[in-house]
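Survey of secondary and tertiary structure
Residues per chain are reported as follows:
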Amino acid sequence: MQKPLARAATGMPQVLGDFNAIKEESERVGRAEFTDQRGIRLFQEFIDQSMLIDLPLCGRSYTWYRPDGSCKSRLDRLLVNDQWLHTWPNASLKGMRRSVSDHCPIFTDFGKKNWGPKPFRFFNSWLSHEGLGSFVAEKWSSYNISGWAGFVLKEKLKMLKEDLKVWNQQKFRILEASIEKKRNEVLILDTIDDVLGLESEEIYRRAHIMDDLAKDLQRLDSQLYQKARIKWIAEGDANTRFFHNTINRNYKINEISGLSDGYT
């Protein structure tokens, strides 16, 4: 395994997980009667020969605990190389709370970096909103800019861009709240239907709510689809969790900035 990692060290490899090994005696407590010095030496040689660096663990000292409490070790870690550290100099490895597992979850915190103002994006889902045209017309006529035509156009577009950002935030929150409300209304009607059945008026009302809910979900998915910038998935896929994961992954890539060089 050493040779492939050594060759890959010219790129940006990262090896994360349970190595079932320690690199120094202080990383294990509870086995005073036996310390595998050969295993420690081989693991340290593996790290050195692969030209990798062991990120310090923040938040706790050990990541594995024997259920009876007789032993604890740091078995889980993240190994990276110099290029990885140069790209993300403030990243840190953090140990989280343990649940029923004998291992503690760990994750890499890349921190946040100020990349300046976010670029303006026009979302196709806006076109399906009935109030967009009147909002733009009202705002455009309210801007009082004087000067030559090109300057006036540039300044008005700049002001409209900021107003559309605020408008989108407000409408997006309203849209998510509307979806949640409609889902709850459908759940109530379904529960009544399961127990007592529905009157014809209630059946019509549920169908109407479902129709509105489908439109809201389509608008939401359209916006998430465009944010995710995935070209090989047809618009209309309702796998919203997938879109959220892709957006979050892109945000993490854009916000990476570093590595902590000590324990906290």
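Procedures and definitions
- Residues numbered from 1 in each chain as written.
- Predicted model: local features only at pLDDT ≥ 70, side-chain atom pairs only at ≥ 80, totals over all residues.
- Heavy atoms only, no water.
- Helix = DSSP H or I, 4+ residues; strand = E, 2+ residues; numbered from the N terminus.
- Contact = heavy atoms within 4.5 Å.
- Areas by Shrake-Rupley, 256 points an atom, 1.4 Å probe, with all protein chains shown as cover.
- Expected span 1.5 Å × (residues − 1).
- Buried < 20%, exposed > 50% of the residue type's maximum accessible area, 1.4 Å probe, protein only.
- Arc of directions from axis to C-beta.
- Patch = residues over 30% accessible without salt bridge, like charges linked within 9 Å, V, L, I, M, F, W, Y side chains within 5 Å.
- Salt bridge = Lys/Arg side-chain N within 4 Å of Asp/Glu carboxyl O.
- Phe/Tyr/Trp six-rings, centres within 6.5 Å; stacked < 30°, edge-to-face > 60°.
- Polar contact = N/O pair within 3.5 Å; in protein donor to acceptor, adjacent residues only side chain to side chain.
- Pairing = 2+ DSSP bridges.
- Core = buried A, V, L, I, M, F, W, Y, C linked by side-chain atoms within 4.5 Å.

Description of the overall build of the protein
Tallying secondary structure elements over the protein gives seven helices and nine strands in all. Relative to all contacts within the protein whose residues are 6 or more apart in sequence, the contacts with residues 24 or more apart total 66%. Accessible surface for the protein amounts to roughly 17400 Å². Of this, 54% is attributable to carbon and sulfur atoms.

Some remarks on helix α2 (residues 37-49)
In this model, α2 (13 residues) spans 18 Å end to end at C-alpha, consistent with the 18 Å of a helix rising 1.5 Å per residue. Along α2, the residues that are buried comprise I40, F43, F46 and I47. Buried residues along α2 cover an arc of 125° about the axis, so they all sit on one side.

Examining a nonpolar patch on the surface
On the surface, I188, I192, V195 and L196 cluster together into a nonpolar patch covering about 420 Å² of accessible area. Along the chain, V195 falls in helix α5 (residues 149-195). The exposure class of V195 is exposed, given its relative accessible area of 65%.

Observations regarding the packing of aromatic side chains
A full pass over the atoms with the stated rule returns six aromatic pairs. Geometrically, the ring pair formed by F43 and F46 is stacked, given 6.2 Å between the ring centres and 15° between the ring planes. Taken together, the positions of F43 and F46, both in helix α2 and three residues apart, correspond to about one turn of that helix. Members of the aromatic cluster, each reached through a chain of ring pairs, are F19, F43 and F46.

Let's talk about the side chain of N81
Summarising the element assignment, N81 is placed in the loop between β7 (76-80) and α3 (82-87). A polar side-chain atom of N81 sits 3.0 Å from the main-chain amide nitrogen of W84.

Some points on the environment of S92
Among the structural elements, S92 can be located in strand β8 (residues 92-95). The spacing of S92 and G111 is 19 residues in sequence and 8.1 Å in space, taken between C-alpha atoms.

A look at the sheet that holds strand β2 (residues 28-29)
The sheet built from three strands is open, its strands ordered β2-β6-β5 with antiparallel pairing. Strands at the two margins of the open sheet, each flanked by one partner only, are β2 and β5 (64-65). For β5 and strand β6 (residues 72-73), the ladder comprises two bridges, and the chain directions are antiparallel. By the bridge assignment, Y65 is partnered in β6 with K72.

A short note on the environment of E180
By the element assignment, E180 lies in helix α5. Given the relative accessible area of 44%, E180 is considered partly exposed. Remark: the alpha-carbon pair of E180 and L213, spanning 33 residues in sequence, is separated by 9.2 Å.

Quick notes on the sheet that holds β8
In spatial order, the strands read β4-β8-β9; together these three strands make up an open sheet with mixed pairing. Strands at the two margins of the open sheet, each flanked by one partner only, are β4 (57-58) and β9 (106-109). Strand direction decides the pairing type here: β4 and β8, joined by two bridges, are parallel. Bridging from a neighbouring strand, C58 pairs with K94 of β8.

Some details on the pattern of salt bridges
Tallied over the full model, the rule gives 13 salt bridges. A salt bridge links K154 to E155; the nearest nitrogen and oxygen atoms lie 2.6 Å apart. The class for K154 is partly exposed, based on a relative accessible area of 43%. Note that R206 and D190 form a salt bridge whose closest N and O atoms lie 2.7 Å from each other. A residue pair is termed long-range when its members are at least 10 positions apart, and R206 in helix α6 (residues 200-228) and D190 in helix α5 qualify at 16 residues. Judged by relative accessible area, D190 falls into the partly exposed class, the value being 28%.

Thoughts on the side chain of T108
By the element assignment, T108 lies in strand β9. Filtering out sequence-adjacent residues up to four positions away, T108 remains in contact with L78, W84, A91, S92 and L93.

Considerations on the nonpolar core
Counting residues in hydrophobic clusters, the biggest one holds 11 residues: L55, L57, L78, V80, W84, L85, W88, A91, L93, I106 and F110. Among the elements of the structure, β7 and α3 are those that each provide at least two residues to this core. Residues contacting I106, with those up to four places away along its chain left out, are L16, L57, T63, D76, R77, L93, K94 and G95. Judged by nonpolar contacts, the second largest core, of eight residues, contains W126, L132, F135 and L160.

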